[in-house]
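Observations on the model geometry
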Amino acid sequence: MTHTGHCLCGQVRFTAEAEPVGARICWCRDCQYIASGSGTVNVLFPEEAVRYEGEVGTFRMTADNGNTVERGFCTGCGAQMYSRTVEPKGLPMRIRAGTLDDPELMAPTAIIWTESAPSWATLDPGLPHFPKGPQ
């Protein structure tokens with residue numbers, strides 16, 4: 001199955017030639033900055049199955065868990081497109097759910113980094129909560 005998506009302005013498009021391996025909401029502080037106050041909603045795909053077209057800007061940093069993470073965004077409209085772990089290798093790519101052409105593809109199955117969520121955050125009690133990232 002092929003899944004597709006794009007940024008707000010359409011400059012960046014992507015295809016994922018695999019089914020998602022998961023979906024989750026992340027409340028780490030980095031994601032709160034990216035989402036301007038909310039957590040991010042991410043659908044996870046095998047990195048080798050995802051292809052981007054268009055001008056994608058990147059930013060690398062060390063995440064709260066110590067991993068080196070690259071975040072991709074559209075250089076035209078600034079839409080956050082993905083994050084991927086550079087070190088260690090082999091982890092799924094996290095595509096921002098709002099950039100999928102079909103945002104109904106997969107609902108979140110967990111909420112991570114809940115210890116970083118502000119007190120006013122709405123955390124679905126029907127989903128598993130993890131104080132930090134998954135192991």
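Here, the structure is the one placed above.
Below is a short write-up of the structure. (Residues numbered from 1 in each chain as written. Predicted model: local features only at pLDDT ≥ 70, side-chain atom pairs only at ≥ 80, totals over all residues. Heavy atoms only, no water.)

1. A look at the pattern of salt bridges
Under the criterion given, the structure shown has six salt bridges. Residue Asp30 is joined to Arg71 by a salt bridge in which the shortest nitrogen-to-oxygen separation is 3.5 Å. Of this pair, Asp30 sits in helix α1 (residues 29-34) while Arg71 sits in strand β7 (residues 68-74), placing them 41 residues apart in sequence. Arg71 shares its class with Asp30; the two are buried. (Salt bridge = Lys/Arg side-chain N within 4 Å of Asp/Glu carboxyl O. Helix = DSSP H or I, 4+ residues; strand = E, 2+ residues; numbered from the N terminus. Buried < 20%, exposed > 50% of the residue type's maximum accessible area, 1.4 Å probe, protein only.)

2. Thoughts on the side chain of Asn42
Along the chain, Asn42 falls in strand β4 (residues 40-45). Exposure remark for Asn42: the relative accessible area of 4% places this residue in the buried category. In this structure the side chain of Asn42 is engaged in a polar contact, spanning 2.8 Å, whose partner is the side chain of Thr40. Filtering out sequence-adjacent residues up to four positions away, Asn42 remains in contact with Gly22, Ala23, Arg24, Cys26, Arg94, Ile95, Arg96 and Ala97. (Polar contact = N/O pair within 3.5 Å; in protein donor to acceptor, adjacent residues only side chain to side chain. Contact = heavy atoms within 4.5 Å.)

3. Regarding the state of the cysteines
Chemically, a disulfide is nothing more than a covalent bond linking the sulfur atoms of two cysteines. Evaluated as defined, the whole model comprises zero disulfides. Distance from the sulfur of Cys7, which forms no disulfide, to the nearest cysteine sulfur (Cys74) is 3.6 Å. The thiol sulfur of Cys31 is not disulfide-bonded, and the nearest other cysteine sulfur, from Cys26, lies at 3.7 Å. The exposure class of Cys31 is buried, given its relative accessible area of 4%. (Disulfide = S-S within 2.5 Å.)

4. A short note on the nonpolar core
Counting residues in hydrophobic clusters, the biggest one holds 16 residues, and the most contacted among them are Cys7, Val43, Phe45, Val50, Met81 and Ile95. Elements that contribute at least two residues to this core include exactly β2 (13-16), β4, β8 (80-87) and β9 (93-96). Every residue in contact with Cys7, bar those within four places of it in the chain, is listed here: Val12, Cys74, Cys77, Ala79 and Met81. Counting six residues, the second largest nonpolar core, distinct from the first, contains Ile25, Trp27, Ala117 and Leu127. (Core = buried A, V, L, I, M, F, W, Y, C linked by side-chain atoms within 4.5 Å.)

5. Here we look at the sheet that holds strand β5 (residues 50-53)
Taking strand neighbours across the sheet as the criterion, the three strands line up as β1-β2-β5 in an open arrangement whose pairing is antiparallel. Where the open sheet ends on each side, the last strands, each with one partner, are β1 (3-6) and β5. Direction aside, the axes of adjacent strands within the sheet are offset by 15 degrees on average. (Pairing = 2+ DSSP bridges. Axes fitted to C-alpha atoms, helices over the stretch in contact; angles between N-to-C directions.)

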